[in-house]
Amino acid sequence: MRKVWPTRFAGRGKRLGALALALLLAGCFGDQTSVLPASMSGDGEIAPRISPVQRASDQEHQRLLAAFGGEYRAPRTKAALDDIVQRLAKTSDGQIGAYEITILNSPAVNAFALPNGRLYVTRGLLALANDTSEIASVLAHEIGHVTAQHAVQRAEKEAESALVNQVVSQVLKDPNQSAAVQAGSKLSLARFSRQQEFEADKISVTSLARAGYDPYGASRFLNTLGRNTAFRNSGQQQQSAEDKRLDMLATHPQTPERIAAVTAAARQIAAPGLGEHDAGRWLTAIDGLAYGDDPRDGVVRGRRYVNSSLRISFSAPDGFSLEAAQDMVIGVSANGAQALRFDSVTLKPDQTLESYVAAGWIEGVETTGIEKIEMGGQPAVIAHGKGTDWTFRLAAVHFGDRVYRFILAARGAGDPERPMRSIVESFRTLTSAEAQTARPLRIRIVNAAPGDTVASMAERMPEQDRPAELFQLLNGFDRAAALTPGQRYKVIGE
């Protein structure tokens, strides 16, 4: 399971903080500057100096690839993006040279730009766009960051912030004053980035119109981003105090503010209806694009989790929803009274499974009633745990060189015994052939037949959570909209 940075373009809300707390378990781009001296080549000539910006961009490029699952190769999609970027680049101010775009293999909704013209979009973001003007608005926004030299400005601010932190840690030696200074520094950075985002939005609308695209594509896509955030967060518990603090320091303005700003900018250019917004071309470009989690990192199929690399699978109890997160899987019951966490660790050479569980891997939780069992034919143990406000049922199974851990927590007087037993019974190790069947879901473009409705389209996506709502979200229309026979729509399938 790969580590994923917090999304920045979409400003996606944090969904897992409350659950992690319940279980008692412990910018679009960044820039770094450095000075590289000139070097001598073999024949004595001075080799070209690598600029600090280029060096930093190369480092950030590798970090982005590592954090977002590597590059996703989709030649047809990439060709469509290249065409859009070329059109935008010809009309943008402060052209730096050639732009290069990379599709990141991540279901997260995000986009980035580096100061040397490298642009990045996740496949999760590509799935939300419904025409060429909408995806062009994202690329124009990122190009706007480059041409406005936001990378240089951000680097200066980050250097200033680093200096402040160094002074605080080495000179002040006062924890209270140190925290206040660091918080002030972070707030300054947040306000600065906020201004950058509005400026990049304004640049994007102008660039869209100059390149012949519908300038209202920006507001439509931002509206979809807002709906996507609401869809992903619906049914989740209230954010923790820590999540709220991080939201206040988020680098992007709230989506309604951005929608209002780009809509006003578009109205100054033209009335709605002008400019290219080619839905057919874009839908053709993304037909077959992978959707959701990469099977190598583990995928959620309804209540079932399958990881083809680890060759394991299990199912959450009835009424639970699952989400693959950073190095773990998190689940929550419909009423929020029970929470599930799955992750893995490596045992020390002198540790047994029983001694590891008896030592207690959750701080502040007393472990009792350890019982040896089998899970999917593998040695395992199950135990009870008791915290201040939560009752726990713990399970650990030894498979290969890893120990896979399950924590099921119930609030108050709730008893997690039966739900944990259902998880234990569902745990399976997969054969090589079974692991290979965990194929990625894909975006499929289908024509609506006479009589097709949102409900009938949703039936084509049985493994998706709230398929009717997801279908409407992916296709950019509200619940009252009727399908047009012969028109093409996005569905999710193998």
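Data block above holds the structure.
> Honestly, the side chain of Thr102 in this entry has me stumped. Any pointers?
Of note, Thr102 is situated in strand 1 (residues 100-104). Thr102 sits in the buried class, given a relative accessible area of 5%. Beyond its immediate stretch of four places on either side in the chain, Thr102 contacts His61, Leu65, Glu71, Leu119, Tyr120 and Val121.

> Can you help me understand the nonpolar core in this one?
General note: in soluble globular proteins, nonpolar side chains tend to be found buried as a group. With 65 residues, the main nonpolar core has Leu81, Leu88, Val121, Ile135, Trp282 and Phe471 as its most contacted residues. Considering each element in turn, this core owes the most residues, seven residues, to helix 5 (residues 132-147). Excluding anything up to four places from it in sequence, Phe471 contacts Val454, Met457, Met461, Phe477, Leu483, Tyr489, Lys490 and Val491.

> It is not clear to me how the sheet that holds strand 7 (residues 312-315) should be interpreted in this structure. Could you clarify?
Adjacent strands of a sheet form backbone hydrogen bonds with each other and so pair up, either parallel or antiparallel. In spatial order, the strands read 5-6-7-15; together these four strands make up an open sheet with antiparallel pairing. Each having just a single partner strand, strand 5 (299-301) and strand 15 (428-429) make up the two edges of the open sheet. Examined bridge by bridge, strand 5 and strand 6 (residues 304-307) share three bridges and lie antiparallel to one another. Counted as the bridge partner of Val299 is Val306 from strand 6. Across the face of the sheet, helix 13 (residues 417-426) comes into contact with strand 7 and strand 15 while running at roughly 150° to strand 7.

> Help me out: how do you make sense of the pairing of strand 9 (residues 328-333) in this one?
Regular strands have side chains that alternate between both faces of the sheet. For strand 9, the tally of buried residues reaches six of six residues, placing the bulk of the element in the interior. Across four bridges, the pairing between strand 9 and strand 10 (residues 338-345) is antiparallel. Of the residues in strand 10, the one forming a bridge with Gly331 is Leu340. The hairpin formed by strand 9 and strand 10 contains four residues between the paired strands, and Gly336 there has a positive phi angle of roughly 75°.

> What's the story with the packing of aromatic side chains in this structure? I'm lost.
Here a ring pair, both rings aromatic, is described through the centre-centre distance and the interplanar angle of the planes. Going through the model one piece at a time under the given rule, you end up with eleven aromatic pairs. Taken together, a centroid distance of 5.9 Å and an interplanar angle of 15° make the contact between Phe342 and Tyr404 stacked. Here the residue Phe342 occupies a position in strand 10, and Tyr404 occupies one in strand 14 (residues 402-411), the gap between them amounting to 62 residues. When its relative accessible area of 0% is taken as the criterion, Phe342 is described as buried. Ring plane angle 85° and centroid distance 6.1 Å describe the contact between Phe406 and Phe427, whose orientation is recorded as edge-to-face. With a gap of 21 residues between them, Phe406 in strand 14 and Phe427 in the loop between helix 13 and strand 15 connect regions that are remote in the sequence. For the pair Phe406 and Phe427, one class covers both residues: buried. One aromatic cluster is present, built from ring pairs that chain together Tyr305, Phe314, Phe342, Tyr404, Phe406 and Phe427. The ring of Tyr213 carries the charged tip of Arg87 above its face, separated from the ring centre by 3.9 Å. Just above the ring of Phe231 sits the side chain of Arg466; from NZ or CZ to the centre is 4.1 Å.

> Explain the pairing of strand 12 (residues 378-386) to me, please; I cannot follow it from the model alone.
Of the strand pairs in this sheet, strand 11 (residues 366-375) and strand 12 are connected by eight bridges, and their pairing is antiparallel. Counterpart to Glu374 in the pairing with strand 12 is Pro379. Two successive antiparallel strands, strand 11 and strand 12, enclose a turn made up of two residues, where Gly376 displays a positive phi of approximately 60°. Strand direction decides the pairing type here: strand 12 and strand 13 (residues 390-399), joined by seven bridges, are antiparallel. Pairing of Ala383 across the sheet is with Leu394, part of strand 13.

About the cut-offs
- Every chain begins its residue count from 1, and numbering advances along the sequence as written.
- Restriction of local features to residues with pLDDT of at least 70 applies here, the model being predicted, together with a cutoff of 80 or more for giving and counting side-chain atom pairs; totals for whole chains, interfaces and linings are based on all residues.
- Each side-chain value is derived from all of the structure's non-hydrogen atoms; neither hydrogens nor water enter the calculation.
- Secondary structure is summarised from DSSP: a helix means a run of H or I of at least four residues, a strand means a run of E of at least two, and numbering begins at the N terminus for each.
- A 1.4 Å probe rolled over the protein chains alone gives each residue an accessible area, and that area as a share of the maximum for its type sets the label: buried under 20%, exposed over 50%, partly exposed in between.
- The contact criterion used throughout is that any non-hydrogen atoms of two residues lie within 4.5 Å.
- Put simply, buried Ala, Val, Leu, Ile, Met, Phe, Trp, Tyr and Cys residues joined by side-chain atoms within 4.5 Å make one nonpolar core.
- Think of it this way: DSSP has to see at least two bridges between two strands before they count as a pair.
- Note on method: axes are straight lines fitted to C-alpha atoms, helices fitted across the in-contact stretch only, with angles between N-to-C directions ranging 0 to 180 degrees.
- The criterion for an aromatic pair is that two Phe, Tyr or Trp rings (for Trp, the six-membered ring) have centres within 6.5 Å, with stacked assigned to planes under 30 degrees apart, edge-to-face to planes over 60 apart and tilted to the rest.
- Charges are assigned to positions over rings by a cutoff of 6 Å between ring centre and Lys NZ or Arg CZ, combined with an angular limit of 35 degrees from the ring normal.

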